[in-house]
Amino acid sequence: MEHDKVAFALRVDNPTGSAADVTVKVGGSWAGAAHDCDPGPGTTHITVEPGTTFTTEPAHCEIARQSAPLVYQAEA
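Source: prediction; values computed, not measured. (Residues numbered from 1 in each chain as written. Predicted model: local features only at pLDDT ≥ 70, side-chain atom pairs only at ≥ 80, totals over all residues. Heavy atoms only, no water.)

Draft legend 1. View of the overall build of the protein chain. Each helix and strand in the protein chain was counted, giving zero helices and nine strands. The 76 residues of the protein chain split such that 25% are buried. Sequence separation of 24 or more characterises 68% of the internal contacts of the protein chain that already satisfy a separation of 6 or more. Element-wise, carbon and sulfur atoms account for 50% of the exposed surface of the protein chain, whose accessible area totals about 5000 Å². (Helix = DSSP H or I, 4+ residues; strand = E, 2+ residues; numbered from the N terminus. Buried < 20%, exposed > 50% of the residue type's maximum accessible area, 1.4 Å probe, protein only. Contact = heavy atoms within 4.5 Å. Areas by Shrake-Rupley, 256 points an atom, 1.4 Å probe, with all protein chains shown as cover.)

Spelled out as structure tokens, the structure:
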């Protein structure tokens, strides 16, 4: 969270001994409604190799902070 924006990201850990094909979609929720990421991409397909971590790019899911006090929640 920054003064003028909120960014959402998702971290996927693969502690197993084999690669895992994953599809992730990150979004946000505030003011009681779900919102898609801007500028996107909305959905990412990736193979996470054994013992590694993948994190979505926070810059792909940013929203302007609202002037009213709100709770922001990531959705994945």
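Draft legend 2. View of the pattern of salt bridges. Following the criterion strictly, the structure yields two salt bridges and no others. Note that glutamate 62 and lysine 5 form a salt bridge whose closest N and O atoms lie 3.3 Å from each other. A residue pair is termed long-range when its members are at least 10 positions apart, and glutamate 62 in strand S8 (residues 62-64) and lysine 5 in strand S1 (residues 5-7) qualify at 57 residues. Among the residues examined, glutamate 62 registers a relative accessible area of 25% and is labelled partly exposed. Given the relative accessible area of 25%, lysine 5 is considered partly exposed. Aspartate 13 serves as the salt-bridge partner of arginine 11, at 2.9 Å between the closest nitrogen and oxygen. Judged by relative accessible area, which is 41%, aspartate 13 ranks as partly exposed. (Salt bridge = Lys/Arg side-chain N within 4 Å of Asp/Glu carboxyl O.)

Draft legend 3. Local environment of the environment of lysine 5. Residues lysine 5 and isoleucine 63, spaced 58 residues apart in sequence, show a C-alpha to C-alpha distance of 5.5 Å. With residues near it in sequence (within four places) discarded, lysine 5 still touches Glu62, Ile63, Ala64 and Arg65. Engagement of the side chain of lysine 5 in a polar contact is seen with the side chain of glutamate 62, the distance being 3.3 Å. (Polar contact = N/O pair within 3.5 Å; in protein donor to acceptor, adjacent residues only side chain to side chain.)

Draft legend 4. Representation of the side chain of threonine 56 in the model. Of note, threonine 56 is situated in the loop between strand S7 (53-55) and S8. In this structure the side chain of threonine 56 is engaged in a polar contact, spanning 2.8 Å, whose partner is the backbone nitrogen of leucine 10. With residues up to four places along the chain from it excluded, the contact list for threonine 56 reads Ala9, Leu10, Val24 and Val26.

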